[in-house]
Amino acid sequence: MKQLIIFASGAGSNAARIISHFQESKEARVVLVVCNKPGAGVINIAERNGIPVLMIEKERFFRGDGYIPQLQQYKPALIILAGFLWKIPTSVIDGFRGRIVNIHPALLPRYGGKGMYGNHVHEAVIAAGDTESGITIHYVDEQYDHGDTIFQARCPVLPGDTADTLAQRIHQLEHTHYPATIERLILNAVRPA
Ligand code: GRF
């Protein structure tokens, strides 16, 4: 059984979909949720599913051992970022090279980078007059939203869309495709584009 670790610090709707997708799987299981934000919705989701939560703090993550020994105990097949806003330090990337993936709510390389998260992304897409947006699932490297693309899906930006209505459409795409893409990665059925 392969072990999956989710890093999340927000509402956790993607984490919830991934946890339930693998609950009955014979291939993999979510064994740990890592969170940096006390009170985040994802903590309740993990607890309801009996998954331990590791609360991390900045100093140790960026300037200490990066929690690497603790994470390595699980021998994770993948570390899945799902709404985790801190940059991943090089030490952690090196410790799990090629095994860290992220989802971004836009079609990278556009609308990525520092400060491009949540509704900031959707506001920028709407302000640019784009007629299409989407999601990007990619490997994580040292730069924000930069590693090799694994998967993209598209959706229209409709006249009259606000950041919130576009965010809803994007969230649906994420919920459909993130668990399935992780499953294909685990089965080695996809390689980066
Ligand atoms: C998602 O839109 C994802 O693309 C981004 O953060 C958001 C997390 O949402 N990286 P949720 O916490 O999974 O609901």
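Rules and cut-offs
- Residues numbered from 1 in each chain as written.
- Predicted model: local features only at pLDDT ≥ 70, side-chain atom pairs only at ≥ 80, totals over all residues.
- Heavy atoms only, no water.
- Helix = DSSP H or I, 4+ residues; strand = E, 2+ residues; numbered from the N terminus.
- Buried < 20%, exposed > 50% of the residue type's maximum accessible area, 1.4 Å probe, protein only.
- Contact = heavy atoms within 4.5 Å.
- Pairing = 2+ DSSP bridges.
- Axes fitted to C-alpha atoms, helices over the stretch in contact; angles between N-to-C directions.
- Salt bridge = Lys/Arg side-chain N within 4 Å of Asp/Glu carboxyl O.
- Polar contact = N/O pair within 3.5 Å; in protein donor to acceptor, adjacent residues only side chain to side chain.

A. Representation of the environment of Val157 in the model. Tracing the chain through its elements places Val157 in the loop between β7 (149-156) and α7 (163-186). Residue class for Val157 comes out buried when judged on its relative accessible area of 12%. Setting aside chain neighbours within four positions, we find Val157 in contact with Val125, Ile126, Asp130, Thr131, Glu132, Ser133, Leu166 and Arg169.

B. Representation of the sheet that holds strand β2 (residues 28-35) in the model. The strand order across the open sheet formed by seven strands is β3-β2-β1-β4-β5-β6-β7, and the pairing between neighbours is mixed. Every interior strand has two partners, whereas the edge strands, β3 (53-55) and β7, have only one. Between one strand axis and the next, the sheet turns by 20° as a mean value, whatever way the strands run. Note: strand β1 (residues 2-7) against strand β4 (residues 78-81), four bridges, orientation parallel. The partner of Ile6 across the bridge, within β4, is Ile80. Its contacts with the sheet place helix α1 (residues 13-23) against β1, β2 and β4, and it is angled at close to 155° to β2.

C. How the structure looks around the pattern of salt bridges. The full count for this structure, using the stated rule, is seven salt bridges. With a closest N to O distance of 2.5 Å, Asp94 and Arg97 form a salt bridge. By relative accessible area, which is 45% here, Asp94 ends up partly exposed. For Asp130, the salt bridge identified is with Arg110, shortest N-O distance 3.2 Å. Within this pair, whereas Asp130 is found in the loop between α6 (119-127) and β6 (132-139), its partner Arg110 is found in the loop between β5 (100-104) and α6, the two being separated by 20 residues in sequence.

D. Seen up close, the side chain of His104. Looking at where His104 falls in the secondary structure, it is placed in strand β5. The exposure class of His104 is buried, given its relative accessible area of 3%. Within polar-contact distance, the side chain of His104 engages the side chain of Asp145 at 3.4 Å. Among all residues touching His104, those that are not within four sequence positions of it are Tyr111, Gly112, Met116, Val121, Gly134, Ile135, Thr136, His138, Asp145 and Glu174.

E. Molecular detail of the pairing of β5. Within β5, five of the five residues are buried, which leaves the element mostly enclosed by the surrounding structure. The side-chain alternation of β5 yields two buried faces, one formed by Ile100, Asn102 and His104 and the other by Val101 and Ile103. Inspection of the sheet shows β4 paired to β5 by three bridges, in the parallel sense. Across the sheet, Leu81 pairs through a bridge with Asn102, a residue of β5.

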